[in-house]
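Read off the chains here:
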Amino acid sequence: MFKLNDIIRPNVLKMKPYSSARDEFKGAASVFLDANENNLGSLAGENYNRYPDPHQRKLKERIAEIKGVQPEQIFLGNGSDEAIDLLFRMVCRPGQDSMLHLPPTYGMYEVSAHLNDVTLEAVQLTPDYQMPVEEVLLQVKPTTKIIFVCSPNNPTGNLIEPDSIEDLLRSFNGLVVVDEAYIDFAQAPSWTTRLQEFPNLVVLQTFSKAWGMAGLRLGLAFASPEIIAVLDKIKPPYNINEATQELALQALERQEALQDMVEEIVQERELLMQALPTLATVEKVYPSDANFILVKVKDADGLYKSLLNKGIVVRNRSSVPGCSGCLRVTVGTLEENQELLKAIAAF
Ligand SMILES: Cc1ncc(COP(=O)(O)O)c(C=O)c1O
């Protein structure tokens, strides 16, 4: 049985969170002399002399409405990378506990584990980039606190079979983190719709991809109110800045534009999926539910350099185990994709 208090680090359970000026006084007042701000104003523009809402109340309320969850089920981070780091700090005792991930996958799980002195366990995805769930469960140790499942997976682009994620959620008594950074480009429901069923489920999403806000740094973790309360307790008090909170609130009112952009990117992705296999150097194009495509080519290093010479930068993943010979290509604009296809054809 999963019990949250059994896996939270004892020091985290015991500690008191930082109490900010805005925590200690919430009412209306005319003179604020409590937070050592600059009351003369800001050189950066209106409002920015004041600290932002540490609990991001307005933003969470609006996100909750849109995503069909409760505000108490939302944590907001300075990118989802911050949520990944805080999840380690919440449950993994440095030098003692371990996490498991499924390479080839997103690199920050490993980096964040190393930073937090957490042992890394790895189970390679199958040749068609699915999770071998029985193997994963065999690998689980009493010290394994988190399993990261990236779906759609970066850099392979595919969704992980929901049945295998469900098996994992039912059989593993630690946190199962489903990273859905690319879910807006996929034809699949989010795992946020299953939060009530699984107290050990954490879903990560981000405003960096479909919403086009990578520069503002806003990531989300959805989980039980109990898990979210611990993340909130250990986060830096003002982790989401005022500009990001304001701009995200505005962006959330533009959902039609989001849909239009996602549709256009998916359409461009499908055009690339059709065109790439016709090129002589392309050996395989992997199916994608994301805004990028993994492409196996005859000479990955050569093609990578040749594209660079023409000013086109893609990601060379050919040295990653499970991705030999592969480049990862982000779907661009119509013109950019045409330029890419022309450059690959000329190689
Ligand atoms: C799978 C995955 N998760 C998380 C992130 C990080 O997102 P953020 O910009 O919200 O930190 C990325 C970024 O590329 C990603 O590919």
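Residues numbered from 1 in each chain as written. Predicted model: local features only at pLDDT ≥ 70, side-chain atom pairs only at ≥ 80, totals over all residues. Heavy atoms only, no water.

Considerations on the nonpolar core
For the record, the criterion: Buried Ala, Val, Leu, Ile, Met, Phe, Trp, Tyr and Cys residues that are joined via side-chain atoms within 4.5 Å together make up what is termed a nonpolar core. Using a 1.4 Å probe on the protein chains alone, a residue whose accessible area is under 20% of its type maximum counts as buried, one over 50% counts as exposed, and one in between counts as partly exposed. Bear in mind that the domain bounds are from an automatic or database domain assignment. Whether two residues are in contact is decided by their heavy atoms, any of which lying within 4.5 Å being enough.
Among the nonpolar cores identified, the biggest contains 50 residues, and Ile-63, Met-131 and Val-149 are the most heavily contacted of them. Counting the residues that make up this core, at least three belong to each of domain 1 (4-24 + 51-253) and domain 2 (256-346). For Ile-63, the residues in contact, after removing those within four places along its chain, are Ile-74, Leu-76, Phe-207, Leu-220, Phe-222 and Leu-252. Counting 32 residues, the second-largest nonpolar core is a separate cluster that includes Val-12, Phe-75, Met-90 and Ala-113.

Digging into the side chain of Glu-268
As a reminder of what qualifies: Helical segments are the DSSP runs of H or I of at least four residues, strand segments are the runs of E of at least two, and each set is numbered from the N terminus.
Within the element layout of this structure, Glu-268 appears in helix H11 (residues 255-275). When sequence neighbours within four positions are dropped, the list of residues in contact with Glu-268 reads Val-331, Gly-332, Thr-333, Leu-334 and Asn-337.

Looking at the pairing of strand S11 (residues 326-330)
Let me state the cut-off plainly: Two strands form a pair only when DSSP identifies at least two bridges running between them.
Burial analysis of S11 places 4 of its 5 residues in the buried class, which makes it a mostly covered element. The pairing of strand S9 (residues 292-297) with S11 spans 5 bridges and is classified as antiparallel. By the bridge assignment for S11, Lys-296 is matched with Cys-326. With 2 bridges joining them, strand S10 (residues 315-316) and S11 adopt antiparallel strand pairing. Residue pairing for S11: Arg-315 is matched across the bridge by Arg-328.

Focus: the site of the ligand
Put simply, the rule is: Being near a molecule or strand, for a residue, comes down to having at least one heavy atom within 4 Å of it. Counted as a polar contact is a pair of N or O atoms within 3.5 Å, where, for protein atoms, one must be capable of donating a hydrogen and the other of accepting one, and residues adjacent in sequence contribute only when both atoms are in side chains. Only the protein chains shown count as cover for residues, with accessible areas throughout obtained via the Shrake-Rupley method and a probe of 1.4 Å.
Close contacts around the ligand come from 13 residues, with Ser-80, Asp-179, Tyr-182, Thr-206 and Ser-208 the closest. In this structure, Tyr-182 approaches the ligand through a side-chain N or O atom, which is 2.7 Å from an oxygen atom. For the ligand, whose accessible area on its own is 400 Å², the fraction buried by protein is 92%.

Observations regarding the environment of Asp-53
Mapped onto the fold, Asp-53 is located in the loop between helix H3 (21-24) and helix H4 (57-67). When its relative accessible area of 25% is taken as the criterion, Asp-53 is described as partly exposed. A sequence separation of 184 residues divides Asp-53 from Pro-237, and the C-alpha atoms of the two residues are 9.0 Å apart. The residues contacting Asp-53, other than those within four sequence positions of it, are Lys-58, Glu-242 and Gln-245. Within the structure, Asp-53 has its side chain in polar contact with the backbone nitrogen of His-55 (distance 2.8 Å).

Some points on the domain arrangement of the protein
Interface size is commonly expressed as the accessible area that is lost once the parts come together. As a reminder of what qualifies: Each of two parts loses accessible area, computed with a 1.4 Å probe, when they are put together; buried area is these two losses added. The salt bridge definition used is simple: a Lys or Arg side-chain nitrogen within 4 Å of an Asp or Glu carboxyl oxygen. Polar here means any residue outside two lists: the nonpolar Ala, Val, Leu, Ile, Met, Phe, Trp, Tyr, Cys and Pro, and the charged Asp, Glu, Lys and Arg; Gly therefore counts as polar.
Assigned domains within the protein: domain 1 (4-24 + 51-253) and domain 2 (256-346). Taken over C-alpha atoms, the centre of domain 1 sits 28 Å from the centre of domain 2. Together domain 1 and domain 2 conceal approximately 1,500 Å² of surface at their shared face, both sides included; 63% is due to carbon and sulfur atoms. Considering only the side of domain 1, the residues that lose the most area to domain 2 are Tyr-129, Pro-155 and Phe-185, jointly responsible for 39% of the buried surface there. Applying the counting rule to domain 1 against domain 2 returns 0 salt bridges. Summed over the shared surface of domain 1 and domain 2, the result is 7 residue pairs in polar contact (both at pLDDT 80 or more). In terms of residue class, the side of domain 1 that touches domain 2 is made up of 10 nonpolar, 7 polar and 1 charged.

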